[in-house]
Amino acid sequence: MTSHWDALAARFGATADRSILSLFDEAGRAEAFSAQTGDMLFDYSKTNIDAETRAALIALLDAADVAGKRAQMFAGAPINDTEGRAVLHTALRNLDGGPVLVDGVDVMPGVLDTLTRMRSFAQDIRESEITDVVNIGIGGSDLGPAMAVDALAPYHDGPRCHFVSNVDGAHIADTLRGLDARRTLVIVASKTFTTIETMTNARTAKAWMQAHGGEPQAQFAALSTSEEKTRAFGIPAERVFGFEDWVGGRYSVWGPIGLSLMIAIGPKGFDAFLRGGQAMDRHFQAADWSENVPAMLALVGIWHAQVCGHASRAVLPYDQRLARLPDYLQQLEMESNGKGVQMDGSPVAVSSGPIVWGAAGTNGQHAFYQLIHQGTRVVPCEFMVAAEGHEAELAHHHRLLIANCLAQSEALMRGRSLDEARGKMADAGFTGDELERQAQHRVFEGNRPSTTLVYPKLDPFTLGQIVALYEHRVFVEGVVLGINSYDQWGVELGKELATSLQPVIEGSAPASTKDESTAALVGFIRRHSA
């Protein structure tokens, strides 16, 4: 692998100062540097990648045996080897793809049985007097379904869905305020049923329901593998939906964690979401690397982060209903590939996952695009936009949205030279030193890379494609970097320390066991709390 990284470093040295715009001097670049699956197009022509660079990047895939690792993942091999687990979120959307074996046992009958139970339960809720659903979870048990429910708002024909994640009491208090406890379903999403934030919120919701005339035993459901703990909480077994340890939290929206989404859009809509994910799985397995959308999305990311050294990337959906997607991808990518050691325990040879951030367009244009266009750091941008909106009567809004999306990517690439800025200032009536000063402020360096993902319309199938696309991007980048994308030991230490700090804050344990700063902060908080 070292020689391949060296080859890419050499390519970067040879092309770092080259104009992206100049690459379009050769006709056909837009088609040659894009990939398509079905009606979804991924355009990466507005990057500094040329044919030789792409070939060197694809060589990374072969050197890391991404194809072999991909086959192992889909076959149920324990590729999460720090925990000895398979990685099979793909099985949750394998609606008609045949057996999937884990330790010689086909997991598909269990997957399909759980899906059938979910459909029946969701339909019962949709036909009942329940008006609101409150999903209590955190991390993947919240970000995935919350993002998907917002994204598919035009398809909602079931109860309203609300999401509680933060242990801050304000979150659950604000969510429950105004709801009818007798007509609310609470879904508690915790695989082990021990997640402290989730269980604290669940107990608060249970007390609220009991105090306001609801029946928790009939109005709570659990997404958990712990029958003992859910039973002790008072949730009957028929209202508990479990999933195996080969489904990681941030990859779990396809199964029981997606129950709130299924209730909102109906079982048929949820099946279409699964079908979209399955279609992307099949494309990822079958397409040649240069035409493989997840692989090329990953290689563009590797070029920018590991080779060019850009520390962050912005995800910019020009789709208001995807406003939560950057947060969802932040967890998916940063929790997966934010690692410092390789599978064998040795240090990662290059920088690992970049910082992922962003917001929906056009809002972001009035927030942080200034830094993207004229700041001193290059931020690769990932635009996405639908060819068609849902509101036919507001089609002029959507045309303006598309114009803004495409204009931003063009502006990032093209920029504005000092001579162009001088001309504008001269036209505005400036002269002499003031013309020069004003012109300097209006220079756009340009040559800033971006990609654009275009899809026909944001429907359940398309959302499934998008989510699976980014999941496979994470897989490819992780394999190339030699890391395990499917554990998350980095979240453990803070959780352990929080558990030990709680009695200190409550006053039942001495602060002297903590460092001076923490002890001082505890003392200040105690003096200023009721």
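Our structure's up above, just so we're on the same page.
Since we're looking at a predicted model, the values are computed, not measured.

Lay out the packing of aromatic side chains in plain terms, naming residues and giving numbers.
All told, the structure shown has 13 aromatic pairs when counted by the stated rule. Between phenylalanine 220 and phenylalanine 233 the ring centres are 5.9 Å apart and the planes differ by 45 degrees, which places this aromatic pair in the tilted class. With phenylalanine 220 in strand β8 (residues 220-223) and phenylalanine 233 in helix α10 (residues 227-233), the pair connects residues that are 13 residues apart, well separated along the chain. Of the two residues, phenylalanine 220 and phenylalanine 233, neither departs from the other in class, the shared state being buried. With centroids separated by 6.1 Å and ring planes inclined at 85 degrees, the aromatic side chains of phenylalanine 284 and phenylalanine 475 adopt a geometry described as edge-to-face. Here phenylalanine 284 is found in helix α11 (residues 259-286), whereas its partner phenylalanine 475 is found in helix α18 (residues 460-481), with 191 residues between them in sequence.

For the pairing of strand β6 (residues 160-164), give the residues involved together with the corresponding values.
The side chains of a regular strand alternate between the sheet's two faces. Relative to β6, strand β5 (residues 132-136) is paired through five bridges, and the arrangement is parallel. From the neighbouring strand, isoleucine 136 faces β6, where its bridge partner is valine 164. Crossover connection from β5 via helix α6 (residues 140-151) to parallel β6: handedness right-handed.

Describe the pattern of salt bridges, listing the residues and the values that go with them.
Inspection of the entire model under this criterion finds 30 salt bridges. A salt bridge links arginine 85 to glutamate 83; the shortest N-O distance between them is 3.6 Å. Given a relative accessible area of 27%, arginine 85 falls into the partly exposed group. For glutamate 83, a relative accessible area of 24% corresponds to the partly exposed category. Of the charged contacts, one joins aspartate 419 and arginine 422 as a salt bridge, the two residues approaching to 3.0 Å between their closest N and O atoms. One end of the pair is aspartate 419 and the other is arginine 422, both in helix α16 (residues 418-427) and three residues apart, which spans about a single turn. One connected set of salt bridges, linked through shared partners, spans Arg313, Glu333, Glu382, Arg473 and Glu477.

Help me get a handle on helix α4 (residues 66-75), residues and values and all.
Because an α-helix packs 3.6 residues into every turn, residues spaced three or four apart end up facing the same way. Taken as a whole, α4 has its buried residues at Val66, Arg70, Met73 and Phe74. Along the long axis of α4, the arc covered by the buried residues comes to 90 degrees, so they all point the same way. As for α4, its buried residues are in contact with α3 (51-63), α11 and α18. Once α4 finishes, glycine 76 follows within two positions and takes phi at roughly 90 degrees, a positive value.

If you had to explain empty space enclosed by the protein to someone new, which residues and values would you point to?
Counted by the stated rule, this structure contains two cavities of 30 Å³ or more. Looking at the largest cavity, its volume works out to about 50 Å³. Residue lining of the largest cavity: Val300, Gly301, His304, Arg313, Pro380, Cys381, Glu382, Ser450, Thr451 and Arg473, and that is the complete set. Of all the elements, helix α12 (residues 293-307) adds the most residues to the lining of the largest cavity, at three residues. For the lining of the largest cavity, the class distribution of residues is three nonpolar, four polar and three charged. Space inside the second largest cavity adds up to approximately 40 Å³. Lining the second largest cavity, in full, are Phe42, Leu297, Glu382, Phe383, Met384, Thr451, Leu453, Leu469 and Tyr470. At the level of elements, β12 (381-386), β13 (450-455) and α18 are the ones that each hand at least two residues to the lining of the second largest cavity. In terms of residue count, the dominant contributor to the lining of the second largest cavity is β12 (three residues).

Analysis parameters
- Residues numbered from 1 in each chain as written.
- Predicted model: local features only at pLDDT ≥ 70, side-chain atom pairs only at ≥ 80, totals over all residues.
- Heavy atoms only, no water.
- Phe/Tyr/Trp six-rings, centres within 6.5 Å; stacked < 30°, edge-to-face > 60°.
- Helix = DSSP H or I, 4+ residues; strand = E, 2+ residues; numbered from the N terminus.
- Buried < 20%, exposed > 50% of the residue type's maximum accessible area, 1.4 Å probe, protein only.
- Pairing = 2+ DSSP bridges.
- Right-handed = clockwise from strand over helix to strand, strands pointing away.
- Salt bridge = Lys/Arg side-chain N within 4 Å of Asp/Glu carboxyl O.
- Arc of directions from axis to C-beta.
- Contact = heavy atoms within 4.5 Å.
- 1 Å grid on protein atoms, 1.4 Å probe; cavity = no way out; pocket = protein on both sides within 12 Å on 5 of 7 lines; lining within 4 Å.
- Points joined across faces, edges and corners; volume = space filled by probe spheres on them.
- Nonpolar A, V, L, I, M, F, W, Y, C, P; charged D, E, K, R; others polar.

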